[in-house]
Amino acid sequence: MAGNHPHPHGPDRHAPLATGAPDGHDGHEDPAGHGSHHEHPHPHAHGRGGWRARVWHRVGHVVVPHSHETVDKVDAAMETSREGMRTLWLSLGVLGLTCAVQAVIVVVSGSVALLGDTLHNGADALTAVPLGIAFVLGRRAANRRYTYGYGRAEDLAGIAIVLTIAVSSLLAAYEAVDRLLHPREVTHLWAVALAAVAGFVGNEWVARYRIRTGRRIGSAALVADGLHARTDGFTSLAVLLGAGGAALGWRLADPLIGLLITAAILMVLRDAAREVYRRLMDSVDPALLDTAECTLRAVDGVRGIGQVRMRWIGHSLRAEAEIVVDSTLTVVQAHALAVAAEHALIHAVPRLTAATVHTDHTAAAGTDPHAALAHHSAA
């Protein structure tokens, strides 16, 4: 029998789900900005390993860019904080202005290394566009045509962003290769150097602003995004190497740096395309399923579990789960157990907003409670 479909009977039947933080978790945040055990922390260590370790870590970010998954760009603290969202959009505006300044100098100087850095900063900024679209459309209520709401708009926007980044990487690669085959003088080297510094300063300002706000409101995602912006600034400083080489008469310095930055854009493209593909295919981290299954088994009264499924809708998760309960329970008792299971899942699984829990009862050996559905099962 169906034990629990999210909120069909009104709030009084699911009162236990109202407890906890607004996102359904326990709400404990580290004020330093590292998040609770529910959050997805920054995937790289930032421990105290000396200045050499910190420099090497930042260089590693330049060579292998950070995650661009939209789910890692927001957490409950940011989503529920007007200050957090204002910080996100203001910092994106600063990066956009930095790109515009760099683009003007690209036209004047003809530096393909600076062109690559401009496209790299633009690609980084563009990956946040699906997040903005999701917040705007996500406010629209679900209806009888779009029964799960409009969270999938984030995935559609992601496709457009991947195509845009692909075009930018092709452009950067073409210009760098063309310059290698047909070397030309880079003019206004002082302007190129200033644009490189502007790119570094813009990313550093964004980094400080995001980290400061993230720690104040307890947003681990905003702090992590600030750390990412800080490492992106080192890509801008690489343009200085190209300008320095050109100033010394080495014509290939500028296109070689341009190819290096093109490689960074391709890494951004790879991450973004992989994330969009996984979202369209309803992929989830298997560790989330492990957490859900362990949580369900730990619920008092659950005798076993069946299939557990999850899917992303925007930057929120929904789940379907099957549990086995004692056959002697009444309908009311089984329903209460299903509600308790959903409640436990919402606390245990990050970003889970609702779960549909189906209750099966223990059956005698050789009997199948779902025998009537057997001929509908896929072969």
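For the structure given in this document, a descriptive report is provided here. Residue numbers restart at each chain and count upward from 1, following the sequence in its written direction. Residue-level local features of this predicted model are given only where pLDDT is at least 70; pairs of side-chain atoms are given and counted only at 80 or more, and the full residue set underlies all totals for whole chains, interfaces and linings. Excluding hydrogens and water, the side-chain values take into account all heavy atoms of the structure.

**Here's the deal with the overall build of the protein**
Then, number 1: Assigned secondary structure in the protein consists of 11 helices and 3 strands.
Then, number 2: Walking the protein from its N terminus toward its C terminus, one meets helices and strands in the order α-α-α-α-α-α-α-α-α-α-β-β-α-β.
Then, number 3: Categorising residues by exposure relies on relative accessible area from a 1.4 Å probe, with only protein chains included: less than 20% of the type maximum marks a residue as buried, more than 50% marks it as exposed, and the intermediate range marks it as partly exposed. Counting only residues that meet the buried cut, the protein has 45% of its 379 residues in that class.
Then, number 4: We call two residues in contact whenever any of their non-hydrogen atoms come within 4.5 Å of each other. A separation of at least 24 residues holds for 74% of the contacts in the protein among residues at least 6 apart in sequence. Helix and strand assignments follow DSSP, with helices taken as H or I runs no shorter than four residues and strands as E runs no shorter than two, numbered in order from the N terminus.

**Side note on the nonpolar core**
Then, number 1: Formed by 26 residues in total, the largest nonpolar core has its most connected members in Ile105, Leu114, Ile165, Val192 and Val239.
Then, number 2: Mapped onto this core, the elements with two or more residues apiece are helix H3 (82–109), helix H4 (112–126), helix H6 (153–181), helix H7 (189–217), helix H8 (220–247) and helix H9 (253–280).
Then, number 3: Take this core: its biggest share by element is 7 residues, from H9.
Then, number 4: Discounting residues that sit within four places of it in the chain, valine 192 has contacts with Ile105, Ser109, Ser111, Leu114, Val186, Thr187, Val239 and Ala243.
Then, number 5: Formed by 23 residues, the second largest nonpolar core is a distinct cluster that contains Val284, Val299, Ile323 and Val357. We call a set of buried residues a nonpolar core when its members are Ala, Val, Leu, Ile, Met, Phe, Trp, Tyr or Cys and they connect through side-chain atoms within 4.5 Å of each other.

**Re the environment of tryptophan 190**
Then, number 1: By the secondary structure assignment, tryptophan 190 is in helix H7.
Then, number 2: Taking the C-alpha atoms as reference points, tryptophan 190 and alanine 243, 53 residues apart in sequence, are found 8.1 Å from one another.

**With respect to H4**
Then, number 1: One less than the residue count of a helix, multiplied by 1.5 Å, gives the span that helix is expected to have. Here H4 contains 15 residues, and its C-alpha end-to-end distance of 20 Å stays within 8% of the 21 Å for a straight helix at 1.5 Å per residue.
Then, number 2: Whenever two N or O atoms come within 3.5 Å, that pair is a polar contact, provided that in protein one can donate a hydrogen and the other can accept it, and provided that, for residues adjacent in sequence, both atoms are side-chain atoms. Two or three places before alanine 113, at the start of H4, stands the capping residue serine 111, its side-chain oxygen 3.5 Å from that residue's backbone nitrogen.

**Describing the packing of H6 against H9**
Then, number 1: Across the interface, H6 lies against H9 with an axial gap of 9 Å and an inter-helix angle of 160°. Here H9 runs roughly antiparallel to H6, going by the angle between their axes. Handedness of the H6/H9 crossing: left-handed.
Then, number 2: Each residue is assigned to one of three groups, with Ala, Val, Leu, Ile, Met, Phe, Trp, Tyr, Cys and Pro labelled nonpolar, Asp, Glu, Lys and Arg labelled charged, and all others, Gly among them, labelled polar. A class-by-class count of the residues in the contact of H6 with H9 yields 20 nonpolar, 5 polar and 5 charged. Angles run from 0 to 180 degrees between N-to-C directions of axes, and those axes are lines fitted to C-alpha atoms, restricted for helices to the stretch in contact. Roughly parallel covers angles under 35 degrees, roughly antiparallel covers those over 145, roughly perpendicular covers 65 to 115, and oblique covers all other angles. The crossing is said to be left-handed when, going from far helix to near helix, the turn is anticlockwise and less than a right angle, and right-handed when the turn is clockwise.

**Observations concerning the sheet that holds strand S3 (residues 352–361)**
Then, number 1: Pairing between strands is defined by DSSP: at least two bridges between the two strands are required. Ordered by their spatial adjacency, 3 strands build an open sheet running S1-S2-S3, and the pairing between neighbours is mixed. For this open sheet the edge positions go to strand S1 (304–313) and S3, each flanked by a neighbour on one side alone. Going across the sheet, the axis of each strand differs from the next one's by a mean of 15°, ignoring polarity.
Then, number 2: Examined bridge by bridge, S1 and strand S2 (residues 316–325) share 8 bridges and lie antiparallel to one another. What sits directly across from arginine 311, in S2, is arginine 318.
Then, number 3: On the sheet, helix H11 (residues 331–348) packs against S2 and S3 and is oriented at approximately 145° with respect to S3.

**Points about the side chain of glutamate 342**
Then, number 1: Within the element layout of this structure, glutamate 342 appears in helix H11.
Then, number 2: Within this scheme the basic residues Lys and Arg register as positive and the acidic residues Asp and Glu register as negative, but His and the chain ends are omitted. Salt bridges are defined by distance alone: a side-chain nitrogen of Lys or Arg within 4 Å of a carboxyl oxygen of Asp or Glu. The side chain of glutamate 342 sits in the buried core without any salt bridge; arginine 318 is the nearest counter-charge, 7.2 Å away.
Then, number 3: Among the polar contacts made by the side chain of glutamate 342, one reaches the main-chain amide nitrogen of alanine 355 at a distance of 3.3 Å.

**Points about the pairing of S2**
Side-chain direction in a regular strand flips from residue to residue, so the side chains alternate between the two faces of the sheet.
Then, number 1: Burial of the side chains of S2 is restricted to one face: Leu317, Ala319, Ala321, Ile323 and Val325 are buried, whereas none of Ser316, Arg318, Glu320, Glu322 and Val324 on the reverse face is.
Then, number 2: A loop of 2 residues connects S1 with S2, the two strands running antiparallel in sequence, and glycine 314 in this loop sits at a positive phi of about 70°.
Then, number 3: Here 9 bridges tie S2 to S3, and the two strands are oriented parallel to one another. Note on S3: the bridge partner recorded for alanine 319 is alanine 355.
Then, number 4: Seen with its strands pointing away from the viewer, a crossover is right-handed when the path leading from the first strand over the helix to the second is clockwise. At this point the chain moves from S2, through H11, to the parallel S3, and the crossover so formed is right-handed.

**A few points about the environment of alanine 355**
Then, number 1: With respect to the helices and strands, the residue alanine 355 is situated in strand S3.
Then, number 2: Sequence spacing of alanine 355 and methionine 310 is 45 residues, and the spatial spacing of their C-alpha atoms is 8.7 Å.

**Brief notes about the pattern of salt bridges**
Then, number 1: Taken as a whole, this structure holds 11 salt bridges when the rule is applied.
Then, number 2: A salt bridge links glutamate 204 to arginine 208; its shortest N-O distance comes to 3.1 Å. Residue glutamate 204 and its partner arginine 208 are both found in helix H7; the two are separated by 4 residues, about one turn of the helix.
Then, number 3: Accessibility expressed as a relative area gives 16% for glutamate 204, which makes it buried.
Then, number 4: Taking the shortest distance from any N to any O, the salt bridge between glutamate 204 and arginine 230 comes out at 2.9 Å. One end of the pair, glutamate 204, is in helix H7; the other, arginine 230, is in helix H8, and 26 residues separate them in sequence. You'll find glutamate 204 and arginine 230 in the same group, each marked buried.

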